[in-house]
Amino acid sequence: MRAMILAAGRGERMRPLTDTCPKPLIPAGGLPLIVWHLRALAKAGFREVIINHAWLGEQIESTLGDGSQWGLRLSYSPETSALETAGGIAKALDFFQGQPFLLMNGDIWSDWDPAQALVMAERLQAGPEQAWLILTPNPPHHPEGDFGMQEGQLHLCAKTLAGARSATLSGIGVYKPELFAHLPKDQPAKAAPLLHAAIERHQVLGSLHQGFWMDVGTPERLAQLNQHLESLAPSQ
């Protein structure tokens, strides 16, 4: 199974830090954010990972290299300007060889175990579903959530559906390439419309991660993450 890390965003809310450093390379707990992902992927048995980039992308490639220091083989998908989530995936689609793949945002931190993606991919292969999303309880900065979950149901629904509780997309999910196959290779495209349409077709599964997760989108949340990682240090 292969993985993709999204690392093409400008990181406007993190300025001035991101004026000279791409957001996935911002240190947290002594390591660049994206390196936490690479270490977790390697530990889970992944070997092939592709990273898209746009803003200051040459820094990402020069810092991470070929990935051998983590036991990975890194490929890169450079974008002249950021293509959004779905557009970035469409550009890199051939990398996945027609198989389900794990997608992770490069600017999040979570204790979710990527090894779970292997089971999720098997489930997707066996059925008509096109994605399995990892959701998280709604954080204070996003109280309305993104998608709906129903008690005892794996399939996601609209968050406005009666009886559903809303949850927030964590930036982690397993996808079938076919969800993006109709998109042009070099045009920006958002993932949300594709996911909402697939949810209406009952083709999206979801799990709620109750562990630690943070969207490191502001200097304040970066400070919170550093505090969390400091609290873990004695037990590591």
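Look a little higher up for the structure.
A look at the overall build of the protein
Then, in step 1: In terms of regular secondary structure, the protein is built from 7 helices and 12 strands.
Then, in step 2: For 236 residues, the compact-globule estimate of 2.2 N^0.38 gives 18 Å, and the C-alpha radius of gyration of the protein, at 17 Å, lies within 12% of that figure.
Then, in step 3: Counting only C-alpha atoms, the protein reaches 45 × 40 × 30 Å along its principal axes.
Then, in step 4: With 236 residues in all, the protein has 52% of them scored as buried.
Then, in step 5: The long-range fraction of contacts in the protein, counting pairs at least 24 apart against all pairs at least 6 apart in sequence, stands at 73%.
Then, in step 6: Side-chain charges in the protein split into 18 positive and 23 negative, and the spacing between the mean points of these groups amounts to 2 Å.

Overview of the environment of phenylalanine 95
Then, in step 1: Relative to the helices and strands, phenylalanine 95 resides in the loop between α4 (84-91) and β6 (101-105).
Then, in step 2: By relative accessible area, which is 11% here, phenylalanine 95 ends up buried.
Then, in step 3: Phenylalanine 95 sits 53 residues away from glycine 148 along the chain, and the two C-alpha atoms are 31 Å apart.
Then, in step 4: With sequence-adjacent residues up to four places away left out, phenylalanine 95 is seen in contact with Arg2, Ala3, Glu48, Val49, Ile50 and Ser75.

As for the side chain of serine 110
Then, in step 1: Summarising the element assignment, serine 110 is placed in strand β7 (residues 108-110).
Then, in step 2: In terms of polar contacts, serine 110 uses its side chain to reach the backbone amide nitrogen of tryptophan 112, at 3.1 Å.
Then, in step 3: Engagement of the side chain of serine 110 in a polar contact is seen with the backbone oxygen of phenylalanine 212, the distance being 3.0 Å.
Then, in step 4: The contact partners of serine 110, leaving out residues within four places of it in the chain, are Ile172, His209, Phe212 and Trp213.

Some words on the layout of surface pockets
Then, in step 1: Its volume calculated, the largest pocket comes out at about 1100 Å³.
Then, in step 2: Along the walls of the largest pocket sit 39 residues, with Leu6, Glu84, Thr85, Asn105 and Asp107 positioned nearest its centre.
Then, in step 3: Going through the elements one at a time, β1 (2-7), α4, β6, β10 (165-175), α6 (192-200) and β12 (213-215) are the ones with two or more residues in the lining of the largest pocket.
Then, in step 4: The element best represented in the lining of the largest pocket is β10, accounting for 7 residues.
Then, in step 5: Broken down by class, the residue content of the lining of the largest pocket amounts to 15 nonpolar, 14 polar and 10 charged.
Then, in step 6: Taken as a whole, the second largest pocket spans an internal volume of roughly 520 Å³.
Then, in step 7: Lining the second largest pocket are 18 residues; nearest its centre among them are Trp36, Ala40, Lys43, Ser110 and Asp111.
Then, in step 8: Classifying every residue of the lining of the second largest pocket by side-chain character gives 10 nonpolar, 4 polar and 4 charged.

Side note on the nonpolar core
Then, in step 1: Of all hydrophobic cores here, the largest spans 46 residues; its most connected members are Ile51, Leu64, Leu74, Leu102 and Leu225.
Then, in step 2: The element that contributes the greatest number of residues to this core is helix α2 (residues 33-43), accounting for 7 residues.
Then, in step 3: Once residues lying within four places of it in the same chain are set aside, the contact partners of leucine 64 are Ile34, Val35, Leu38, Ile51, Gln69, Trp70, Leu74 and Tyr76.
Then, in step 4: Core analysis: the next-biggest nonpolar cluster, separate from the first, contains 30 residues, Ala92, Phe96, Leu103 and Ala131 among them.

Topic: the packing of aromatic side chains
Then, in step 1: Inspection of every chain in the model, using the stated rule, returns 7 aromatic pairs.
Then, in step 2: Taken together, a centroid distance of 5.5 Å and an interplanar angle of 85° make the contact between phenylalanine 95 and phenylalanine 96 edge-to-face. The two residues phenylalanine 95 and phenylalanine 96 agree in class, both being buried.
Then, in step 3: Three or more aromatic residues joined by ring pairs form one cluster here, namely Phe95, Phe96, Phe101, Tyr175 and Phe180.
Then, in step 4: Arginine 2 extends its terminal NZ or CZ atom over the ring of phenylalanine 95, reaching a point 4.7 Å from the ring centre.

Cut-offs and rules
Residues numbered from 1 in each chain as written. Predicted model: local features only at pLDDT ≥ 70, side-chain atom pairs only at ≥ 80, totals over all residues. Heavy atoms only, no water. Helix = DSSP H or I, 4+ residues; strand = E, 2+ residues; numbered from the N terminus. Rg over C-alpha atoms; globule rule 2.2 N^0.38 Å. Buried < 20%, exposed > 50% of the residue type's maximum accessible area, 1.4 Å probe, protein only. Contact = heavy atoms within 4.5 Å. Lys, Arg positive; Asp, Glu negative; His and termini not counted. Charge placed at Lys NZ, Arg CZ, Asp CG, Glu CD. Polar contact = N/O pair within 3.5 Å; in protein donor to acceptor, adjacent residues only side chain to side chain. 1 Å grid on protein atoms, 1.4 Å probe; cavity = no way out; pocket = protein on both sides within 12 Å on 5 of 7 lines; lining within 4 Å. Points joined across faces, edges and corners; volume = space filled by probe spheres on them. Nonpolar A, V, L, I, M, F, W, Y, C, P; charged D, E, K, R; others polar. Core = buried A, V, L, I, M, F, W, Y, C linked by side-chain atoms within 4.5 Å. Phe/Tyr/Trp six-rings, centres within 6.5 Å; stacked < 30°, edge-to-face > 60°. Lys NZ or Arg CZ within 6 Å of the ring centre and 35° of its normal.

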